[in-house]
Amino acid sequence: MLKFHPEGAKIILISTLITVLGIFGVDYLFHDSNIIICKVLQVVLLGFLVLILQFFRNPTRIAAISDNHVLAPVDGKVVVIEEVFESEYFKDKRLMVSIFMSPINVHVTRYAVNGIVKYSKYHPGKFLVAWHPKASEENERTTIVIENKVYGDILYRQIAGALAKRIVNYAEVGMTVIQGDDAGFIKFGSRVDLYFPIGTPINVKLGDKAIGNKTIISKK
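Only a predicted model underlies this, so the values are computations on that prediction, with no experimental measurement involved. (Residues numbered from 1 in each chain as written. Predicted model: local features only at pLDDT ≥ 70, side-chain atom pairs only at ≥ 80, totals over all residues. Heavy atoms only, no water.)

Engineer: With reference to specific residues and values, describe the sheet that holds strand β4 (residues 108-110).
Structural biologist: Pairing is antiparallel in the open sheet, where 3 strands are placed in the order β4-β10-β8. Looking along the sheet, the strands with just one partner apiece sit at the ends: β4 and β8 (167-169). Neighbour to neighbour, the strand axes of the sheet diverge by 20° on average, direction disregarded. Taken together, the 3 bridges between β4 and strand β10 (residues 182-186) define a ladder with antiparallel strand orientation. (Pairing = 2+ DSSP bridges. Helix = DSSP H or I, 4+ residues; strand = E, 2+ residues; numbered from the N terminus. Axes fitted to C-alpha atoms, helices over the stretch in contact; angles between N-to-C directions.)

Engineer: Now, about the sheet that holds strand β12 (residues 209-210): what can you tell me, with residues and values included?
Structural biologist: Pairing in this open sheet of 8 strands is antiparallel, and the strands run β9-β5-β6-β7-β11-β3-β2-β12 from one edge to the other. Looking at the sheet topology across the chains shown, the edges are occupied by β9 (176-177) and β12. Of the pairings in the sheet, the one linking strand β5 (residues 115-123) to strand β6 (residues 141-148) comprises 7 bridges and is antiparallel in character. Paired with H123 across the strands is R141, a residue of β6.

Engineer: Describe the pairing of β10, naming the residues involved and giving the relevant values.
Structural biologist: Counting buried positions along β10 yields 4 of 5 residues, so the element is predominantly enclosed. Where β8 lies against β10, 3 bridges are found, and the strand directions are antiparallel. Across the sheet, residue I167 finds its bridge partner in β10, namely I186. (Buried < 20%, exposed > 50% of the residue type's maximum accessible area, 1.4 Å probe, protein only.)

Engineer: Residue-level account of the side chain of N213, with values.
Structural biologist: Structurally, N213 is set in the loop between β12 and β13 (216-219). In this structure N213 comes out as buried when scored by relative accessible area, which is 3%. A polar contact of 3.2 Å, which involves the side chain of N213, links it to the backbone oxygen of G180. Not counting residues up to four positions away in its chain, the partners in contact with N213 are R61, I62, A63, L71, A72, R110 and G180. (Polar contact = N/O pair within 3.5 Å; in protein donor to acceptor, adjacent residues only side chain to side chain. Contact = heavy atoms within 4.5 Å.)

Engineer: Break down the nonpolar core for me, citing the residues and quoting the values.
Structural biologist: Note on soluble globular proteins: their nonpolar side chains tend to be buried together. Counting residues in each nonpolar core, the largest one holds 29 residues, and the members touching the most others are I99, Y111, I146, Y156, L194, F196 and I217. Those elements that place two or more of their residues in this core are β3 (92-101), β6, β7 (152-160), β10 and β11 (190-196). Sort the elements by how many residues they give to this core and β3 lands first, with 4 residues. Apart from residues lying up to four places away in sequence, F196 is in contact with V70, R94, L95, V97, Y151, I154, I202, I217 and S218. (Core = buried A, V, L, I, M, F, W, Y, C linked by side-chain atoms within 4.5 Å.)

Engineer: Can you tell me about the environment of P103, naming the residues and giving the values?
Structural biologist: Tracing the sequence through the fold places P103 in the loop between β3 and β4. By relative accessible area, which is 41% here, P103 ends up partly exposed. A C-alpha to C-alpha distance of 8.1 Å links P103 and S190, two positions 87 residues apart in sequence.

Engineer: I'd like a rundown of the pairing of β5, residues and numbers included.
Structural biologist: Where β5 meets β9, 2 bridges bridge the pair, whose relative direction is antiparallel. From the neighbouring strand, I116 faces β9, where its bridge partner is T176.

What is shown is where atoms sit, not what they do.
Below, the structure written as structure tokens:
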């Protein structure tokens, strides 16, 4: 059965009302005068609703829970694997894996590891395109650090894209979180960065398609 994320409930309801009213309104205005325009506009309205529904879909995925691996927190394309200086929390060099989500990807964020939330902070910011080099420092974003028994502290960062206007983050300091559970949502285009200790084995390569709760990013 197709499921939708609770964060999309309001938008889905409003979009459905707009679509239904629009279809009847277009039929009233154009049905007798120009049937072609009428049908084209109705198809466009239905297409708009389908896009909203697919964006907020929340497929059920059972995670293979283990402290010995890190799962992809989101669906998307692996666009960066490199050593970078992490200036907010660690303040040293880390190995970053970045997953870019297009508007057609599932946008649920899931916990990549088991552990205890040590840090969780929201940063307002710009809405640069998600693949922009400065997006991780200047865009709206949240930074979360989870202490895992095997990997130690793992940081992940939800980053808004050009279309995203709201990041939802469920992680609170002190929470015990379970790998695979919902961790939040980013509305309309975004990216998630994962930060590992230098030398951590990485099981994906640039260009790979990651599937949240399924793709193993790292394994020890």
